[in-house]
Amino acid sequence: MRFIHTSDICLGAVPDEGREWSQDRAREIEEAFDRIISDCNEKHVDLLLIAGNLFNAPPTFDDLVKVDAKLQTLEHTRTIMISGDRDYMEPTSDWAHFKFRSKSAVLPAEKTTNAFLKNINTCITGYSYGKNEHIENVIGNINPGKPGAINILLGCGGDAEHMPFSRENIARKGFHYIALGHSTNPVHILKNRMAYSGSPEPLGPNDRGNHGYILGEIDEKGTRIKWCPIAKRSYINFQFDLSSDLKNEEVEKMAEDKMLKLGKENIYTIILKGFTNEDKRPDFTRIQSRFNVYRIVDKTISRKKVEQMEADNEKNLVGRFISEVNDSYTIDTRIREKALRYGLEALIKAGE
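If you're wondering where the values come from, they're calculated on a predicted model, not measured in any experiment.

Where do I start with the overall build of the chain in this structure?
Within the chain, the secondary structure is distributed over nine helices and 17 strands. Considered along the principal axes of its C-alpha atoms, the chain spans approximately 75 × 45 × 40 Å. Within the span of the chain, comprising 352 residues, buried residues form 50% of the whole. Taking all contacts inside the chain whose residues are at least 6 apart in sequence as the whole, residues at least 24 apart take part in 69%. Of the roughly 17400 Å² of accessible surface on the chain, 47% is carried by carbon and sulfur atoms.

I'm lost on the sheet that holds strand β12 (residues 222-229) in this one. Help?
Paired through backbone hydrogen bonds, the strands of a sheet run either parallel or antiparallel to each other. Strand order in the open sheet formed by six strands is β4-β3-β2-β1-β11-β12, and the pairing between neighbours is mixed. Looking at which strands have only one partner, the edges of the open sheet turn out to be β4 (104-106) and β12. Across the sheet, the mean angle separating the axes of adjacent strands is 20° when strand polarity is ignored. For strand β2 (residues 47-51) and strand β3 (residues 78-82), the ladder comprises five bridges, and the chain directions are parallel. Looking at the pairing, A51 lines up with I82 of β3. Sitting on the sheet, helix α1 (residues 22-42) touches β1 (2-6), β2 and β11 (212-219), and the angle it makes with β1 is about 170°.

Even after reading the chapter, I still don't get the packing of α1 against helix α2 (residues 61-71), so can you show me in this structure?
The geometry of a pair of packed helices is captured by two quantities: the angle between their axes and the separation between those axes. Closest axis-to-axis distance for the α1/α2 pair is 10 Å, and the angle between their directions is 30°. Classified by the angle between their axes, α1 and α2 sit roughly parallel to one another. Of the residues in α2, those touching α1 at E30, F33, D34 and I37 are K66, V67, K70 and L71. Of the residues belonging to the contact of α1 with α2, the class tally is four nonpolar, no polar and four charged.

In this structure, what is going on with the pairing of strand β7 (residues 150-156)? I would like to understand it.
The side chains of a regular strand alternate, residue by residue, between the two faces of the sheet. By the criterion of burial, β7 is predominantly enclosed, with seven of the seven residues buried. The alternating pattern of β7 places I150, I152, L154 and C156 on one face and N151, L153 and G155 on the opposite face, and all of these are buried. Here five bridges tie strand β6 (residues 122-127) to β7, and the two strands are oriented parallel to one another. Opposite T125, over in β7, you have L153 as the bridge partner. For β7 and strand β8 (residues 177-181), the ladder comprises five bridges, and the chain directions are parallel. Residue pairing in the sheet places L154 in a bridge with A179 of β8.

Would you take a moment to explain the sheet that holds strand β14 (residues 267-273) for this structure?
An order of β13-β14-β16 is seen for the three strands of this open sheet, with the pairing classed as parallel. Since the sheet does not close on itself, it has two edges, and those belong to β13 (235-241) and β16 (292-298), each with one partner. Across this sheet, the average inter-strand angle for adjacent strands is 20°, counted without regard to direction. Pairing analysis gives seven bridges linking β13 to β14, with the strands arranged parallel. Pairing of N237 across the sheet is with T269, part of β14. With respect to the sheet, helix α5 (residues 248-262) is in contact with β13, β14 and β16, its orientation differing from that of β13 by roughly 155°.

Hey, could you run me through the packing of aromatic side chains in this one?
Aromatic rings considered in pairs are described by the distance between their centres and by the relative angle of their planes. Tallied over the entire structure, the rule returns six aromatic pairs. Judged by centre distance (5.5 Å) and plane angle (90°), the ring pair of F55 and W95 falls under edge-to-face. Taken together, the residues span a long stretch of sequence, with F55 in the loop between β2 and α2 and W95 in helix α3 (residues 94-97) at a distance of 40 residues. The two residues F55 and W95 agree in class, both being buried. Grouped by ring-pair contacts, the aromatic residues F61, F98 and F100 constitute a single cluster. A cation over an aromatic ring shows up here: K146 above the ring of F116, its NZ or CZ 4.9 Å from the ring centre. For K264, the ring lying beneath its charged end belongs to F291, and the centroid distance is 5.6 Å.

Would you explain the nonpolar core in this entry?
When a protein is soluble and globular, its nonpolar side chains tend to lie buried together. Ranked by internal contacts, the top residues of the largest apolar core, which has 36 residues, are L47, I152 and Y177. At the level of secondary structure, the elements contributing two or more residues to this core comprise β2, β3, β5 (112-117), β6, β7, β8, β10 (194-196) and β11. Sequence-distant contacts of L47, defined by excluding residues within four places in its chain, comprise M1, R2, F3, I4, T77, R78, I80, L117, I120, T122, I124 and I152. Membership of the second largest hydrophobic core comes to 32 residues, among which are F55, L74, M89 and Y213.

Help me understand the pattern of salt bridges in this model?
If the charged atoms of two oppositely charged side chains come close together, the side chains can form a pair. The final tally for this structure, using the stated rule, is 14 salt bridges. With a closest N to O distance of 2.4 Å, K232 and E31 form a salt bridge. Here K232 is found in the loop between β12 and β13, whereas its partner E31 is found in helix α1, with 201 residues between them in sequence. On the accessibility criterion, E31 (27% relative accessible area) is partly exposed. In this structure, D219 engages R224 in a salt bridge whose closest nitrogen and oxygen atoms are separated by 2.8 Å.

Criteria and thresholds
- Residues numbered from 1 in each chain as written.
- Predicted model: local features only at pLDDT ≥ 70, side-chain atom pairs only at ≥ 80, totals over all residues.
- Heavy atoms only, no water.
- Helix = DSSP H or I, 4+ residues; strand = E, 2+ residues; numbered from the N terminus.
- Buried < 20%, exposed > 50% of the residue type's maximum accessible area, 1.4 Å probe, protein only.
- Contact = heavy atoms within 4.5 Å.
- Areas by Shrake-Rupley, 256 points an atom, 1.4 Å probe, with all protein chains shown as cover.
- Pairing = 2+ DSSP bridges.
- Axes fitted to C-alpha atoms, helices over the stretch in contact; angles between N-to-C directions.
- Parallel < 35°, antiparallel > 145°, perpendicular 65-115°, else oblique.
- Nonpolar A, V, L, I, M, F, W, Y, C, P; charged D, E, K, R; others polar.
- Phe/Tyr/Trp six-rings, centres within 6.5 Å; stacked < 30°, edge-to-face > 60°.
- Lys NZ or Arg CZ within 6 Å of the ring centre and 35° of its normal.
- Core = buried A, V, L, I, M, F, W, Y, C linked by side-chain atoms within 4.5 Å.
- Salt bridge = Lys/Arg side-chain N within 4 Å of Asp/Glu carboxyl O.

This is the structure:
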């Protein structure tokens with residue numbers, strides 16, 4: 001039995017709303033869903049598992065009709081899905097009463113149910129959201145639904161407000177595969193048996209790395225899954241240490257070269273770190289006009305600010321630390337500034 005596991009597609013979302021590229025991102029989310037359907041046909045997949053949040057919000061009747069039309073193009077594949085914390089299914093909603101014309105089913109909300117597919121001897125057990133939060137340990141109380149069949153758990157959650165569960169506990173349940181949603185980043189928890197698929201397209205600057213879906217196969221030898229990246233672009237962070245001897249123009253050129261190498265389609269966050277003079281600030285205006293720059297984060301510490309911090313904290317740990325490092329004349333200047341930076345960052349994080 002071959003399956004595709006996806007989640008958190010979030011149809012209708014407009015990532016980075018207000019940015020020049022936001023409408024492109026909304027279109028790319030829908031194209032990712034189309035790509036998954038196309039891959040189901042090309043790879044002769046038996047089962048499409050959607051572990052919550054197909055939609056970014058509870059869907060309207062028109063939303064459901066549009067998705068159902070896409071799912072009707074599946075040639076070999078049955079679709080089983082649950083609603084998640086974003087697209088939760090209220091009792092009176094269109095979501096709860098919609099009749100799919102495609103070979104698709106959404107498990108009902110607020111109760112554990114299963115769908116048994118006789119032709120592939122597979123039982124999918126899961127729990128749909130009827131509200132946007134669930135603090136109860138719902139997923140941890142779900143057990144395999146049919147002895148002698150391939151048993152799959154379909155769940156959405158994992159944090160304190162969204163069906164918290166013990167990974168170790170559900171790993172012992174005996175499911176052939178546990179398909180999870182709610183995390184927009186992919187996470188392979190238990191080799192070949194438990195994973196978050198993540199969103200097929202990244203939805204924001206915290207969704208870094210590759211995005212796509214999981215392709216799996218279950219037979220008498222067990223379960224095997226592999227990662228299939230399909231995202232059209234990535235969110236990428238990179239940083240520059242301005243305490244080096246690089247000139248502003250050199251830093252700007254390095255940033256531009258790096259973006260050209262990584263791809264103009266990607267979305268970038270530039271992080272500036274290190275000790276600087278007040279007048280040393282690269283001008284990224286030209287880069288921002290040519291590339292998708294989400295933000296520039298300035299974590300630099302000016303030398304004047306360090307002097308002021310030493311004076312203001314003369315009698316506490318921060319002041320003593322700065323004084324000790326500055327008095328270490330035998331240490332190379334660059335090493336001394338790095339020691340100051342790392343030490344001050346640690347002290348600030350510790351609340352000193």
